[in-house]
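Residues per chain are reported as follows:
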Amino acid sequence: LMHLTRTLIEIRSMLLSIDKSDALKLPSIVVIGSQSSGKSSVLEAIVGHEFLPKGSNMVTRRPIELTLIHTPARDGKEAVEYGEFPALGLGKITDFTQIQKTLTDLNLAVPATEAVSDDPIDLRIYSSRVPDLTLIDLPGYIQIASMDQPESLKDKISSLCEKYIREPNIILAVCAADVDLANSPALRASRRVDPLGLRTIGVVTKMDLIPPDQGALILSGNRYPLHLGYVGVVCKPPGKKGRTESTAQVAQRAEHEYFSANREYYNSSSLMTTTDTLRKRLMDVLESSMASSLHGITNAVQLELEEAQYQFKVQYNDRRISAESYVAETVDLLKARFKEFTTQFRKPQVRAKLKEMLDERVMDVLEQLYWSDRRTPELSDLAADPKVKPDAVESYWRYKLEAASSLLTKSGVGRDSTLLVADGLRGLIDSIAAGEPFTHHPRATERLIEYSHAILRERIGITSDQVENCIKPYKYEVEVDSREWEIGRTEAVQLFEKEMGLCEEKLKDIRKKVGGSRRLNNLVSYVKTLEEKEREKKARMLKGTEDATESNEASTVDDYRYPPAHVLDARHAMLYGERMSILKLRLASLKSKRCRGGPENDLLCPEAFLSVVADKLAYTSAMFINIELLDHFFYQFPREIDSRLLYDLDRREIVEFARENPTIRRHLELQERKDKLEEVMKQLNSLATLRPDVKQQAPRR
Ligand code: GDP
């Protein structure tokens, strides 16, 4: 029947990993006892190894869930003994001093202010010398609170033990033989929850410290009867050990020697002595306890399973997913979205964007060189005069146009146009990253952005140099044919009309703000008189006739007439007005017969000429940006996703990634829960077929 306990221990671990609710708990053996009662010595004797933390200063601060798994010898060879901390992922530990050290570290990691924690340490030990058992080692009861242990610690330990000694667990109450059983905190605690002693085994340690007749009396259990009885042990660590024997073996032999030496006292068949007997007793008790909980647990698991299956059907229509499939889907989605977005970066789109930037620049150049020039109206007069020969125009205008053209071509077009497109690409990646499901994966998204930036960083320098190089000829000469001229002129007309529209808008806003056009006119004439006065004052000051105080008073009085904000508005309105009149003048020229006449009129129609230059710059830049930046980016980025975002992840990271998405996490969790419960149910059913007495009770499959 070994099989039953073994399977149920497996089932117990599995159920614990599903949830820790009491309903699903199978019995385990809980070890309680006061400090120094010999609790650790007993546990180590059962395991056959020294592995528990040692030290004077309360070394067990967390419960240790100790699962012993019997690994049978194969082909006469004993299997390797090892321990495992499933939660830590340290793998198999064959060195038991390493296990001891790990346990010590885990216990000491509990902060001193907390002293004990109820978060259990899961430790599994595999050995051919251990039986299949689950034992829970708890912090020892303390009798007297000492200086460095907080007053509340006693209560804390008691309530922790209280939690574990509930049904259906079996209580292993450890008491030292040399201390009156009446004073044993372990027995007192067990009596509270198990008054008849139906699930308590007494372990009396240090039997060697009392006279054997007294020892036999204790074990008989007459004074404090326990249904499961007392087992007397001697687990004293040996003073010296032989070269070929382990500590445990020496201790075990010493125990046997002790009890056989006192045979006449302990021979009675009703008395239980030695660790061996204890071990067998524990196996029997656990097994029968497990067997009796089998029916209840089977029903409980069946109910849980039906609920999980129902939910899985209703919520997910039985659709199974895996972390891997989610990652693959996410990457596919990413690539698809990327591809969809890249259509914004075809050559015509890029060219239009660049043209927009250059048009802006053309307007700046015009403002700087023409609109602020008082002679510019002359240009319109010349354009309107049919007698003027294009090649006879004053060289002033030739220099002006050359300056404007070179201002435009030498304004760092290579770098700026490359950066403009690179910025667009960054925005594209950002907008993908800002959408579902990437919002759930901040770390992956961050990496995605990093890769894209790395590609851009690598290409920007090369691209802008290349573009700059290719537009170089335009810095010296720009050839314009009549088709290009006509396109440039039309575009310039549109640009001017747009600009005029903007000025008009601004004027309208100001008019509204100050309260109508009449009010604005008043304001403007007021500002004009102010400016007039200002000029006169300056003139007087230059002559040295001005009295400082007098002028101050005058200006204060004036300033009260209109609020300063409105004065400022009026000044803006005047500027817009001036701008409008020059734009109107130039627009008329651009539409005139002269400008329509072709590229030889470039000096008289600089706007059309600059527009053509901007067109050429945009065309050339777009072409080289496409080759040097976009092609590379569109080729490399999807590959970076594959090689760095996907294949870089190990199994654990893939699961972690998938679980970042709450929808996926819930789906996976329910699916796992259902799978585990199905597995548990399968095992429970296999037990039922093993045990005919349980079979009729087991629910239908
Ligand atoms: P714990 O604090 O309850 O875990 O107790 P330990 O197992 O650390 O034992 C406390 C002390 O009692 C140690 O010094 C052990 O060597 C000693 N001890 C344990 N078992 C026996 C025993 O059977 N006989 C004797 N004489 N000493 C023992």
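Reference entry: report on the structure contained in this document.

Calculation rules
Residues numbered from 1 in each chain as written. Predicted model: local features only at pLDDT ≥ 70, side-chain atom pairs only at ≥ 80, totals over all residues. Heavy atoms only, no water. Helix = DSSP H or I, 4+ residues; strand = E, 2+ residues; numbered from the N terminus. Buried < 20%, exposed > 50% of the residue type's maximum accessible area, 1.4 Å probe, protein only. Contact = heavy atoms within 4.5 Å. Near = heavy atom within 4 Å. Polar contact = N/O pair within 3.5 Å; in protein donor to acceptor, adjacent residues only side chain to side chain. Areas by Shrake-Rupley, 256 points an atom, 1.4 Å probe, with all protein chains shown as cover. Nonpolar A, V, L, I, M, F, W, Y, C, P; charged D, E, K, R; others polar. Disulfide = S-S within 2.5 Å. Arc of directions from axis to C-beta. Pairing = 2+ DSSP bridges. Axes fitted to C-alpha atoms, helices over the stretch in contact; angles between N-to-C directions. Parallel < 35°, antiparallel > 145°, perpendicular 65-115°, else oblique. Phe/Tyr/Trp six-rings, centres within 6.5 Å; stacked < 30°, edge-to-face > 60°. Lys NZ or Arg CZ within 6 Å of the ring centre and 35° of its normal.

Right, let's get into the overall build of the chain. Of regular secondary structure, the chain possesses 24 helices and nine strands. Every one of the 701 residues in the chain was classed for burial, and the buried ones make up 47%. Excluding contacts between residues fewer than 6 apart, the proportion of contacts in the chain whose partners are at least 24 apart in sequence is 82%.

If you check the shell around the ligand, you find 15 residues, and the closest are S36, K39, S40, S41 and C235. At 3.0 Å, a backbone N or O of G38 approaches an oxygen atom of the ligand. Take K39: an N or O atom from its main chain is 2.9 Å from an oxygen atom of the ligand. Taking 570 Å² as the accessible area of the ligand by itself, protein coverage stands at 74%. Each residue belonging to the shell around the ligand can be placed in one class, and the counts come to four nonpolar, seven polar and four charged.

The full count for this structure, using the stated rule, is one disulfide. In this model C595 forms its disulfide with C605; the gap between the sulfur atoms is 1.8 Å. The disulfide joining C595 to C605 has a torsion of about -100° about its S-S bond and is therefore left-handed. Separated by 10 residues along the polypeptide, C595 in helix 20 (residues 593-596) and C605 in the loop between helix 20 and helix 21 (606-646) bring together distant segments of the chain. Summarising the burial analysis for this pair, C595 and C605 share the class buried.

It is worth spelling out helix 22 (residues 651-660) at this point. Regarding helix 22, the residues found buried are I654, F657 and A658. What you see down the axis of helix 22 is that its buried residues fit within an arc of 95°, all on one side.

Attention shifts here to the sheet that holds strand 6 (residues 170-176). Ordered in space as 3-4-2-5-1-6-7-8-9, the nine strands form an open sheet in which the pairing is mixed. Because the sheet does not close on itself, it has two edges, and the strands there are strand 3 (82-84) and strand 9 (272-273). Sheet analysis places strand 8 (residues 230-232) next to strand 9, joined by two bridges and oriented parallel. Paired with G232 across the two strands is T273, which belongs to strand 9.

Running from amino to carboxyl end, helix 16 (residues 482-514) crosses helix 17 (residues 517-543) at an angle of 95°, the nearest separation of the two axes being 8 Å. Relative to helix 17, helix 16 is oriented roughly perpendicular. Contacts from I510, R511 and V514 of helix 16 reach helix 17 at S517, R519, L520 and L523. In terms of residue class, the contact of helix 16 with helix 17 is made up of four nonpolar, one polar and two charged.

Attention now goes to unusual backbone geometry. In this structure, the amide linkage connecting E167 to the following residue, P168, adopts the cis form with an omega of 0°. Here P168 is to be found in the loop between helix 4 (153-164) and strand 6. A cis amide bond links E436 to the next residue, P437, at an omega of -5°. Mapped onto the fold, P437 is located in the loop between helix 14 (413-433) and helix 15 (442-470). With a phi close to 55°, K206 is a non-glycine residue in the positive phi region. Relative to the assigned elements, K206 resides in the loop between strand 7 (200-205) and helix 6 (212-220). For D318, which is not glycine, the phi torsion reads 60° and is therefore positive. Structurally, D318 is set in the loop between helix 9 (275-316) and helix 10 (323-342). For D318, a relative accessible area of 39% puts it in the partly exposed group.

What follows covers the pairing of strand 1 (residues 29-33). Consecutive side chains of a regular strand alternate in pointing toward one face of the sheet and then the other. Burial of strand 1 is extensive: five of the five residues sit out of reach of the surface. By the alternation rule, side chains of strand 1 split into I29, V31 and G33 and V30 and I32, which are all buried. Sheet topology note: the strand 1/strand 5 (residues 133-137) ladder contains three bridges and is parallel. Counterpart to V31 in the pairing with strand 5 is D137. Of the pairings in the sheet, the one linking strand 1 to strand 6 comprises five bridges and is parallel in character. From the neighbouring strand, V31 faces strand 6, where its bridge partner is L172.

What follows is about the packing of aromatic side chains. Given two aromatic rings, their pairing is described by the distance between the two centres and the angle made by the two planes. Under the definition given, this model contains 13 aromatic pairs. Residues F312 and Y316 carry aromatic rings whose centres are separated by 5.9 Å and whose planes lie at 55° to one another, so their mutual orientation is tilted. Pair noted here: F312 and Y316 are both in helix 9, with a separation of four residues, about one helical turn. On the basis of relative accessibility, which here comes to 1%, the residue F312 falls in the buried class. Accessibility expressed as a relative area gives 16% for Y316, which makes it buried. Ring centres 5.5 Å apart and planes at 10° place the aromatic pair F633 and F637 in the stacked group. Of this pair, F633 and F637 both sit in helix 21, four residues apart, roughly one helical turn. Of the two residues, F633 and F637, both sit in the buried class. Counting every residue linked through ring pairs, the aromatic cluster contains F338, F345, F633, F634 and F637. Taking NZ or CZ as reference, R375 lies 4.3 Å from the ring centre of Y396, over its face.

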